[in-house]
Amino acid sequence: MEIILGAFVTSGLTLFIFSFLYKDNPFFKIAEHLYMGAGLAWYIQLTIYKVIIPNVWGPFRKAWENGDWFTIWMIVIPTVLGISLITQFIPRISWMSRYGFTFLMGYSAGLALPTGLSTDFMNQILGTIEPFASVLNLTTGQLLNSIILLIGTISVLFYFFFSVEHKGAIKKISNFGIYFLMIYFGASFGNTVMARFSLLYGRFDLLVRYSNAQYFYATNWIILGLVIYFIVEKFLIKKVIANNS
Amino acid sequence: MKIIKKYIPLAIVFIFGMITLASYYVPHRTSEEYLEWINRWENIVSAFALFLGMISLFYVHYKKIERKVDGWGYSLFVYIGFLIIMVAAMISHGDISKGGKVTCLGWTFNNIYNPLSATMFSVLAFFIISTAYRAFRIKSTSAFMLFLAGLILMLGNIPLGEIIWDKLFSWTHITIAEIKNWIINVPSTAGKRGIMIGIAIGAAVTSLKIIFGIERGYMGKD
Amino acid sequence: MKETLNKMLKIDRRWLFLLLTFAIIIPILKPIGIPSKSTSDAVKDIYDFIDKLPPGSTIILSLDYDPSTAPELHPQAAVVLKHAFKKNLKVIIMTFLAGSGGLIDELVRTIPTKYSKEYGRDYVLLPYMPNILAALTQMSSNIYAFYEKDIDGKPLREYEMMKNIQSYKDIACVVDITGTAILDYWVAYVGDKYKVPILGGVTAISQVGYGPYLQKKQLKGLIGGMKGAAEYERLISEVGKGTSGIDALNIAHILVIVFIIFSNIVLLILKFL
């Protein structure tokens, strides 16, 4: 019973959202608003059951029973900082939210700096230059690829360097960099097509599965319902236009 | 008052920023413990930020219902969707499955949240096909390079593409997979690497500006 | 002629949507069945790395994807798990993404029994952990500091496969399958810092962006999208959702290419008319 109900609900919600592709309609709007509420609720319940209860309430109770004041303060301080974020909605005391925001910003900035510099800066420069450290061990193909990689990386960096006016030789190099960027964007586009179509395949696969007898032809009933709705709506609109004229 | 409203928050950003930055480079046990605690703090504070979003969304839709604007009835479904998942979570105590059996929350996850979320993202596929036909215009060399790279990736991603390439270009003795691999490993990597280095420098500068209190936009008006 | 061509360019997009729908549904109902012949270097690298691990080695499989990316990443997770079980590796399955619970559940309900693998002896499931950075850093010295218990609340140390596991030093590699930036965290905080081999599985959209990490060997191998899953399935000789999925996408991809070329040819003709 739950499985068949689940099939109808799943097919229904999926087809309601797809119905937007034909025309905006109340079923799509219902599904859209349900998604807003359900999506938020999903993350809220995860926060409550996987963060607040195990990391705040549980340890707080345990620490309180044991008289572990260090742990109690280690829980109370971030909780107060978190609650301070909500004061943003009260104009008179909204300045308190700065405490929460500054903690988050300080932590994020402190974290982003070393990892960004190490992984995305130093290691990338190293990766570009490293092949040339053992040039004699490279095949012709590998050497050519390394040279293209080096020239490409430098010319792209020239393109993004806006402190100097792009004219003369700098303009030529940065224009060359644009071609490498276009190849990267084109490659991303090609893969994005596959990624999105894969998601679509996943949905259609499910709809085809739920159109079988074991799921009481759930997909078929929902499609029929939507088609009837659109036909009736079209006739009603024609009637209204005819009455008005 | 200025100390409480301005200077203490700036001190917080500086202290936490510098200590977190230093902890990455210090391999001592204390540094690891600090990172563990500060990460727990961040989880707790971020959790409340989510409640901020919740209040904001509920307020917007409450106002729509109160003023009975066009389509106010749909705003009720925001609350209905929210309640369905929250009630299921309370019944199941946040567990998707228990003892191999799917719980109430697990059922709502599989049949409500999952289809809605996945379908919303998959709708983009239709807009890709529409854009490909109506907006993809090859009017310059750069656009042609973009198209060529995209074409090779698309052909290389599907078995039919491999067959088409072999039928037309087998005389080159290079397969579409080899060209695709080369594009991803060499020119595309060069493009991405340049972007990565640029972003890393920008992120480093912005992070330093935030830590030293030069960048204060997130604090709002004084 | 000019009017007809202009009409063709301005065609109602709903006809294009309908064409795409048929292009995907028809191969689902009647598979084309064209096998994929090629294997990308990155997929070969990840396959070779796992294949060369001695039996009994322990790997971490971090599954960090939710329903919105499941069609691409679920087949990847399935094929890596199958390969690991075929090689008699021990697998520690964990997640840092809240929405992946149901998907991991689906995976462990079907695959281990097929390879006669037992929970606790061959694989364990760790609970969802929101504190990713703290967990990644702590596991460098003591896994149990964060993961005292498994997903069922039982003490982790008591399981047979965890008896000799203390930290990353006892782990052969980490495979992270994700549609988010969590792989970047593994590379930055574990791979670069503690020199643990990191292998990845990502969506096709993100795949191209990991080229620099692959070139620098910060990532030892990468599975990209459904095609990557199909290639890996071919390497371990097991047909799965990756192969059937990529088969269904053949016509849709050709449709996109035909549309781009056709519309640009029409535009070119209109330019000269």
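Criteria and cut-off values
- Residues numbered from 1 in each chain as written.
- Chains lettered and ligands numbered in written order.
- Predicted model: local features only at pLDDT ≥ 70, side-chain atom pairs only at ≥ 80, totals over all residues.
- Helix = DSSP H or I, 4+ residues; strand = E, 2+ residues; numbered from the N terminus.
- Rg over C-alpha atoms; globule rule 2.2 N^0.38 Å.
- Buried ≥ 20, exposed ≤ 12 C-beta atoms within 10 Å, placed from the backbone.
- Contact = placed C-beta atoms within 7 Å.
- Core = buried A, V, L, I, M, F, W, Y, C linked by C-beta atoms within 7 Å.
- Pairing = 2+ DSSP bridges.
- Nonpolar A, V, L, I, M, F, W, Y, C, P; charged D, E, K, R; others polar.
- Domains from an automatic or database assignment.
- Axes fitted to C-alpha atoms, helices over the stretch in contact; angles between N-to-C directions.
- Arc of directions from axis to C-beta.
- Parallel < 35°, antiparallel > 145°, perpendicular 65-115°, else oblique.
- Expected span 1.5 Å × (residues − 1).

(A) Region of interest: the overall build of chain A. A tally of helices and strands in chain A yields seven helices and zero strands. Starting at the N terminus, the α and β elements of chain A follow one another as α-α-α-α-α-α-α. Taken over the C-alpha trace, chain A has a radius of gyration of 29 Å; the compact-globule value for 245 residues is 18 Å, which it surpasses by more than 25%. By principal-axis analysis of the C-alpha atoms, chain A measures approximately 75 × 65 × 45 Å. Evaluated residue by residue, chain A yields a buried proportion of 43% over its 245 residues.

(B) Structural detail: the overall build of chain B. Counting secondary structure elements, chain B contains nine helices and two strands. Its helices and strands taken in sequence order, chain B reads α-α-α-β-β-α-α-α-α-α-α from the N to the C terminus. Taken over C-alpha atoms, the radius of gyration comes to 26 Å for chain B, far larger than the 17 Å a tight globule of 222 residues would show. When its C-alpha atoms are laid out on the principal axes, chain B stretches across 75 × 50 × 45 Å. Going through the 222 residues of chain B one by one, you find that 41% of them count as buried. Put simply, 33% of the contacts in chain B that link residues at least 6 apart link residues at least 24 apart.

(C) Structural view of the nonpolar core. Counting residues in hydrophobic clusters, the biggest one holds 199 residues, and the most contacted among them are A38 of chain A, I129 of chain B together with L61 and V256 of chain C. No other element matches the 19 residues that helix 6 (residues 169-209) of chain A contributes to this core.

(D) View of the pairing of strand 6 (residues 221-224) of chain C. All names here are of chain C. Taking every second residue as pointing to the same face, both faces of strand 6 are buried, with G221 and I223 on one and L222 and G224 on the other. Here strand 5 (residues 198-202) runs beside strand 6; their pairing, made up of four bridges, is parallel. Looking at strand 6, one finds that G200 is bridged to L222.

(E) Local environment of the interface of chain B and chain A. Residue-level contacts link 100 residues of chain B with 95 residues of chain A. Per-element tally for the side of chain B that touches chain A: the top contributor is helix 9 (residues 187-211) of chain B, with 21 residues. Broken down by class, the residue content of the side of chain B that touches chain A amounts to 72 nonpolar, 23 polar and five charged.

(F) View of the interface of chain C and chain B. Counting from both sides, the interface comprises 43 residues of chain C and, opposite them, 43 residues of chain B. At the level of secondary structure, the elements contributing two or more residues to the side of chain C that touches chain B comprise helix 2 (13-29), helix 5 (101-114), helix 6 (132-138), helix 9 (211-215) and helix 12 (250-272) of chain C. Broken down by element, the side of chain C that touches chain B gets its largest block of residues, 11 residues, from helix 12 of chain C.

(G) Spatial organisation of the pairing of strand 5 of chain C. Residues and elements named next belong to chain C. Taking burial as the measure, the five residues of strand 5 include five buried ones, the bulk of the element. Across the two faces of strand 5 the burial is the same, with I198, G200 and V202 and L199 and G201 all buried. Of the pairings in the sheet, the one linking strand 4 (residues 173-178) to strand 5 comprises four bridges and is parallel in character. Along strand 5, the bridge assignment pairs V175 with L199.

(H) Geometry of the domain arrangement of chain B. Domains assigned within chain B are domain 1 (1-60), domain 2 (70-136) and domain 3 (139-208). Of note, the centres of domain 1 of chain B and domain 2 of chain B, computed from C-alpha atoms alone, are 31 Å apart.

(I) Representation of the sheet that holds strand 6 of chain C within the structure. Residues and elements named next belong to chain C. Spatial strand order, 3-2-1-4-5-6: six strands in an open sheet with parallel pairing. At either margin of the open sheet sits one strand with a lone partner, and together these are strand 3 (123-125) and strand 6. In this sheet, neighbouring strand axes are inclined to one another by 15 degrees on average, regardless of whether the strands run parallel or antiparallel. Sitting on the sheet, helix 7 (residues 182-194) touches strand 1 (58-64), strand 4 and strand 5, and the angle it makes with strand 4 is about 160 degrees.

(J) A look at helix 3 (residues 41-51) of chain C. Residue and element names in this part refer to chain C. For helix 3, every residue scored as buried is listed here: A42, V43, I46, Y47 and I50. Take helix 3 and look down its axis: the buried residues cluster within an arc of 135 degrees, on one side only. More than 90 degrees from the buried face of helix 3, the exposed residues found are D48 and D51. On its buried side, helix 3 packs onto helix 4 (70-86), strand 5, helix 9, strand 6 and helix 10 (225-235).

(K) Geometry of the packing of helix 6 (residues 141-157) of chain B against helix 7 (residues 159-169) of chain B. Residue and element names in this part refer to chain B. At their nearest, the axes of helix 6 and helix 7 sit 5 Å apart, and the two run at 110 degrees to each other. Considered as vectors, helix 6 and helix 7 are oriented roughly perpendicular to each other. Residues M154, L155, G156 and N157 of helix 6 form the contact with helix 7, whose own contacting residues are G161, I164 and W165. Each residue belonging to the contact of helix 6 with helix 7 can be placed in one class, and the counts come to four nonpolar, three polar and no charged.

(L) Quick peek at unusual backbone geometry. Phi is positive for K68 of chain B, close to 50 degrees, though the residue is something other than glycine. Following the sequence through the fold, K68 of chain B ends up in the loop between helix 2 (29-67) and helix 3 (72-92). With 8 C-beta atoms packed within 10 Å, K68 of chain B lands in the exposed category. The backbone phi angle of K195 of chain C is positive, close to 55 degrees, even though this residue is not glycine. When you line up the elements, K195 of chain C lands in the loop between helix 7 and strand 5. Classification of K195 of chain C by C-beta neighbours within 10 Å gives exposed; the count is 9.

(M) Expanded view of the environment of S97 of chain A. All names here are of chain A. By secondary structure assignment, the location of S97 is in helix 4 (residues 97-129). Sequence separation between S97 and I83 is 14 residues; the distance between their C-alpha atoms is 8.2 Å. Leave out the neighbours within four places in its chain, and S97 touches S84, L85, T87 and Q88.

(N) Molecular detail of helix 3 of chain B. The terminal C-alpha atoms of helix 3 of chain B, which comprises 21 residues, lie 32 Å apart, in line with the 30 Å expected from a rise of 1.5 Å per residue. Positive backbone phi, at 55 degrees, marks H93 of chain B, one or two positions downstream of helix 3 of chain B.

(O) Examining the environment of G116 of chain A more closely. Residue placement: G116 of chain A occurs in helix 4. When sequence neighbours within four positions are dropped, the list of residues in contact with G116 of chain A reads F121 of chain A together with A200, A203 and A204 of chain B.

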